[in-house]
Amino acid sequence: MKLLVVEDDNTTGTYIARGLREEGHSVDLVTNGRDALIQATASHYDVLIVDRMLPQLDGLTLVKTLRGAGNQTPALFLTSLGSVQDRIEGLTAGGDDYLTKPFAYGELSARVAALARRAPTIEQETTLHAGDLVMDLLRRRVTRAGVELSLLPREFAILEHLLRRKGRVQTRTMLLEEVWDISFEPMTNVVETHISRLRAKVDRPFKTELIKTVRGAGYRIDA
Amino acid sequence: MTARLPAILRTTPIRLALVLVAVFSVVSLLSLGATYFITQRSFDQAIRADLTQDMAGFASAPGPRALSQLVEAESRVTDPARLVLSYLGPDLRHYGNAVVARDDEGYHIITDIPDSPQIEGDYMALTASLGGGQLTIARSLDEIAALREVFLRVLGLTLIPTILIALGSGLFIARRSAEHVTTIGRTLDTLTGGRLEARVRPAPNWPPDLATIGSRIDTMAAAQQAATAAIRQVSSDIAHDLKTPIQRVAVHLAELAERDTLDPPARQALDKANDELDGIVATFHALLQIAQIETGSPKAGFAPVDLATLAADFCELYEPAADDAGHVLTCENTAPIRVLGDRGLLGQILGNLIENALRHTPAGTDIRVAVGRDGPDVILSVTDSGPGVPEEERDLVLRRLYRMDRSRTSPGAGLGLNLVASIATLHGATVTLTDAAPGLRIALRFPPAPH
């Protein structure tokens, strides 16, 4: 993917760019809003990663200007603030996702991947597969190696969420936001406990592990 | 109007009017009283002098016979109501226009006028032994009684209009300024409610003193608004200035973690550093959020939120974690109960209350989350059967950074309940901590959502 990182802090910017390059993306790094506007209009990017507070032209105005000019490239805001109000401001300005500083690289990487693929593929299957696991969305049944698994509604929702995003890491906060619709950072390991209960049913009785833990990031079911 | 009257009677103009009336009454009473006293005394003296003179006139009669004839002659032309003449001669015959009789009650004047033989009213009498008999001359004091009546009437005529005018104008001024006072009060309420753009804006026809107060309040509100805007700017500047280095520390720690050469103690130290950084970030977030909630007014974004469903979602979210920690988390399910608010912030309340209960109670503790109604109000409560909070500390735990001594060893920055209190206030809800015997019950009382 081709990504544009707009971040005025050199340490953070370089780190993000290096991480994304190591994942095989092509990354352009600019340090102010005006350069970002020129860069984003001059060439096509898959995702924009924009710090909200920038010299010369702030992140909100930058994305608003791009949207006004018909540029619909998904944008991820990085912010120092992070209140509900700021989040709403960012999303109404045309941002697609929002990440509060400081963030773990894994969180950023997972969200960039999610943004890049959000728009085009809306999967309409009625069954989802991963290895020997089959999820029947119509009858709300899950079988693995032919054995039916009895899942709670929430466990079913988590598994469905991971299956629909095979190969992509889903972080704890992403799961909270999308499966529970909760934008709140819990102090306790609430998501982990749900995942471990799901694993007890989906993975423990079988030889291979489907739900992988990605250290420092989240969970993934491989394609 | 009748309900507002007592309040108006306590206003300054009415009090002033009442004081004026009292002062004027006292002064009038004193001066009229003194005048009455002096006049009465001079009347008294004049009557006494007249009596002495009358007596001297009769004393000049040459003998008892002449005296009795003189008394008889005078009596014929004298009204006993004004002047009484009574002479008891040496022959024990009575001459005069009335008889002065005496009984247990005192002296009485008895006349030969039919139907009213006894004359009422006060008299001043002088008795002397003349010509071998006894002569009594009594002059009526009616004039002095009439004088008293005149003075009382004068007093009434001066006081009643004064009282009416003073009270009437006081009431008028009070009612007129009551409207302005109400305007000022409403503005102050709005300002206290956090909407700092409210102003009194006194009109040109306001009384000067109230207009001054009004414009001073406006000046104060403008200064407050500017200060709040500055604080908000400063806190967002601080946020930016501190978050950038915090972010850099996170970056450096992450880069360090990528190295394969780290030995186990170094990795342990790194994990500790990361945990501490998470703690710093959590505290920082909470402080910023409280500051923003307390200075901001996001009520514009409020919408009806089903608190019952939200509580059920949070119970379901925390249930496995509570179970792993040996707690029993239960949620009393009810039909949808809506309050007006911000779903994210209300969720934060639930999350903080449940985490607070999980963190500060030992394994085996029951934690109950309930949403219900009390009259029109909506009550959200989280009750635990843990050690509870001593009564004297219950208000303190809602304060920023307050931590009970025994919770110093457990994690958390002491901001959770303070954040709950801030969010509650923003929603017009009140927070109360009560003894659940055993344990602690934290209850939030929300006003009902408007339809």
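Just so we're clear, the structure is a prediction, and the values are computed from it rather than from any experiment. (Residues numbered from 1 in each chain as written. Chains lettered and ligands numbered in written order. Predicted model: local features only at pLDDT ≥ 70, side-chain atom pairs only at ≥ 80, totals over all residues.)

Draft legend 1. Seen up close, the overall build of chain A. Within chain A, the regular secondary structure consists of eight helices and 12 strands. Per-residue burial for chain A yields a buried fraction of 40% across its 223 residues. Residue pairs in contact within chain A that sit at least 24 positions apart in sequence constitute 58% of those at least 6 positions apart. (Helix = DSSP H or I, 4+ residues; strand = E, 2+ residues; numbered from the N terminus. Buried ≥ 20, exposed ≤ 12 C-beta atoms within 10 Å, placed from the backbone. Contact = placed C-beta atoms within 7 Å.)

Draft legend 2. Spotlight on the overall build of chain B. From N to C terminus, chain B includes nine helices and 13 strands. Looking at chain B as a whole, 25% of its 451 residues qualify as buried. When contacts within chain B are restricted to residue pairs at least 6 apart in sequence, long-range pairs at least 24 apart make up 64% of them.

Draft legend 3. Focus on the interface of chain B and chain A. Taken residue by residue, the interface counts 35 residues in chain B and 28 residues in chain A. For the side of chain B that touches chain A, the secondary-structure elements that each account for two or more residues are helix 5 (208-257), helix 6 (264-295), helix 7 (307-324) and helix 8 (343-360) of chain B. Per-element accounting of the side of chain B that touches chain A gives the leading share, 11 residues, to helix 5 of chain B. A class-by-class count of the residues in the side of chain B that touches chain A yields 15 nonpolar, 13 polar and seven charged. (Nonpolar A, V, L, I, M, F, W, Y, C, P; charged D, E, K, R; others polar.)

Draft legend 4. Representation of the pairing of strand 3 (residues 47-51) of chain A in the model. Residues and elements named next belong to chain A. Counting buried positions along strand 3 gives five out of five residues, so the element sits mostly inside the fold. Sheet topology places strand 1 (residues 2-6) next to strand 3; four bridges connect them, and they run parallel. Within the sheet, the bridge partner assigned to valine 5 lies in strand 3 and is isoleucine 49. In this view, the connection linking strand 3 to its parallel neighbour strand 4 (residues 75-79) by way of helix 3 (residues 59-68) has right-handed handedness. (Pairing = 2+ DSSP bridges. Right-handed = clockwise from strand over helix to strand, strands pointing away.)

Draft legend 5. Quick look at the sheet that holds strand 8 (residues 141-144) of chain A. Residue and element names in this part refer to chain A. Reading across from one edge, 6-7-8-9 is the order of the four strands in this open sheet, with antiparallel pairing throughout. Lying at the two open borders of the sheet, with one neighbouring strand each, are strand 6 (127-130) and strand 9 (147-149). Geometrically, the sheet is characterised by an average inter-axis angle of 25° between neighbouring strands, direction not taken into account. Of the pairings in the sheet, the one linking strand 6 to strand 7 (residues 133-136) comprises four bridges and is antiparallel in character. (Axes fitted to C-alpha atoms, helices over the stretch in contact; angles between N-to-C directions.)

Draft legend 6. The nonpolar core, seen in detail. One finds A:Ile49, B:Leu307, B:Ala311 and B:Ile354 to be the most contacted residues of the largest nonpolar core, which totals 105 residues. If we skip the residues at most four places from it in the chain, B:Leu307 touches B:Ile337, B:Arg338, B:Val339, B:Leu346, B:Val371, B:Val378 and B:Leu380. Core analysis: the next-biggest nonpolar cluster, separate from the first, contains 14 residues, B:Leu88, B:Ala98, B:Ile137 and B:Ala138 among them. (Core = buried A, V, L, I, M, F, W, Y, C linked by C-beta atoms within 7 Å.)

Draft legend 7. Highlighting the sheet that holds strand 6 (residues 133-140) of chain B. All names here are of chain B. Reading across from one edge, 2-1-6-5 is the order of the four strands in this open sheet, with antiparallel pairing throughout. With one partner strand each, in any of the chains shown, strand 2 (94-96) and strand 5 (123-130) form the two edges of the open sheet. Going across the sheet, the axis of each strand differs from the next one's by a mean of 15°, ignoring polarity. When strand 1 (residues 83-88) meets strand 6, the two strands line up antiparallel, connected through six bridges. Paired with leucine 88 across the strands is glutamine 134, a residue of strand 6. The strands touched by helix 2 (residues 12-59) are strand 5 and strand 6; relative to strand 5, the strand with the most contacts, the crossing angle is about 25°.

Draft legend 8. Geometry of the packing of helix 2 of chain B against helix 4 (residues 142-192) of chain B. All names here are of chain B. For the pair helix 2 and helix 4, the least separation of the axes is 9 Å and the interaxial angle reads 170°. The orientation of helix 2 with respect to helix 4, classified from their angle, is roughly antiparallel. Of the residues assigned to the contact of helix 2 with helix 4, the class counts are 22 nonpolar, nine polar and three charged. (Parallel < 35°, antiparallel > 145°, perpendicular 65-115°, else oblique.)

Draft legend 9. Structural context of the packing of helix 7 of chain B against helix 8 of chain B. Residues and elements named next belong to chain B. Remark: helix 7 packs on helix 8, axes separated minimally by 10 Å, with the N-to-C direction vectors making an angle of 35°. The handedness of the crossing between helix 7 and helix 8 is right-handed. Here helix 7 contributes Leu307, Leu310, Ala311, Phe314, Tyr318 and Ala322 to the contact with helix 8, which in turn contributes Arg343, Leu346, Gly347, Leu350, Gly351, Ile354 and Leu358. Grouping the constituent residues of the contact of helix 7 with helix 8 by class yields 10 nonpolar, two polar and one charged. (Left-handed = near helix turned anticlockwise from the far one by under 90°.)

Draft legend 10. Main features of the environment of B:Phe172. Position of B:Phe172 relative to the elements: it lies in helix 4. For the pair formed by B:Phe172 and B:Ile14, sequence separation is 158 residues and the distance between their alpha carbons is 9.0 Å.

Draft legend 11. Just helix 6 (residues 153-164) of chain A, in detail. Residues and elements named next belong to chain A. Compared with an ideal rise of 1.5 Å per residue, which puts 12 residues at 16 Å, helix 6 spans 16 Å between its outermost C-alpha atoms and is within 8% of the ideal. Among the residues of helix 6, those classed as buried are Glu155, Ile158, Leu159, Leu162 and Leu163. Relative to the axis of helix 6, the buried residues are bounded by an arc of 130° and lie together on one face. (Expected span 1.5 Å × (residues − 1). Arc of directions from axis to C-beta.)

Draft legend 12. Representation of unusual backbone geometry. All names here are of chain A. The omega angle of the peptide bond from lysine 101 to proline 102 is -10°, so this bond is cis rather than trans. Relative to the helices and strands, proline 102 is located in the loop between strand 5 (97-100) and helix 5 (105-118). With a phi angle near 50°, arginine 140 is a residue other than glycine that sits in the positive phi range. For arginine 140, the location among the structural elements is in the loop between strand 7 and strand 8. A count of 11 C-beta atoms within 10 Å places arginine 140 in the exposed class.

Draft legend 13. Examining the confidence of the model for chain B more closely. Residues and elements named next belong to chain B. In this model, chain B carries a mean pLDDT of 82, and residues with pLDDT of at least 70 account for 90%. When pLDDT is averaged over each helix and strand of chain B, the minimum, 64, is found for helix 1 (residues 5-9) and the maximum, 94, for strand 11 (residues 377-384). Per the prediction output, this complex has pTM 0.62; the corresponding ipTM is 0.81. (pLDDT = per-residue confidence, 0-100.)

Draft legend 14. Examining the pairing of strand 7 of chain A more closely. All names here are of chain A. The alternating pattern of strand 7 places Leu133 and Met135 on a buried face and Val134 and Asp136 on a face that is not buried. With antiparallel pairing between neighbouring strands as the criterion, strand 6 and strand 7 make up a hairpin whose turn holds two residues, including glycine 131 at a positive phi of roughly 60°. Note: strand 7 against strand 8, four bridges, orientation antiparallel. Of the residues in strand 8, the one forming a bridge with aspartate 136 is arginine 141.

Draft legend 15. Just the environment of A:Lys64, in detail. All names here are of chain A. Tracing the backbone shows lysine 64 in helix 3. For lysine 64 and glycine 94, which are 30 residues apart along the polypeptide, the C-alpha to C-alpha distance reads 6.1 Å. When sequence neighbours within four positions are dropped, the list of residues in contact with lysine 64 reads Ala93 and Gly94.

Draft legend 16. Focus on the environment of B:Gly121. Residue and element names in this part refer to chain B. Topologically, glycine 121 is positioned in the loop between strand 4 (106-111) and strand 5. Taking C-alpha positions, glycine 121 is 9.6 Å from isoleucine 109, a pair spaced 12 residues apart along the chain. Those residues within four positions of glycine 121 in sequence are excluded, and the remaining contacts are Ser140 and Asp142.

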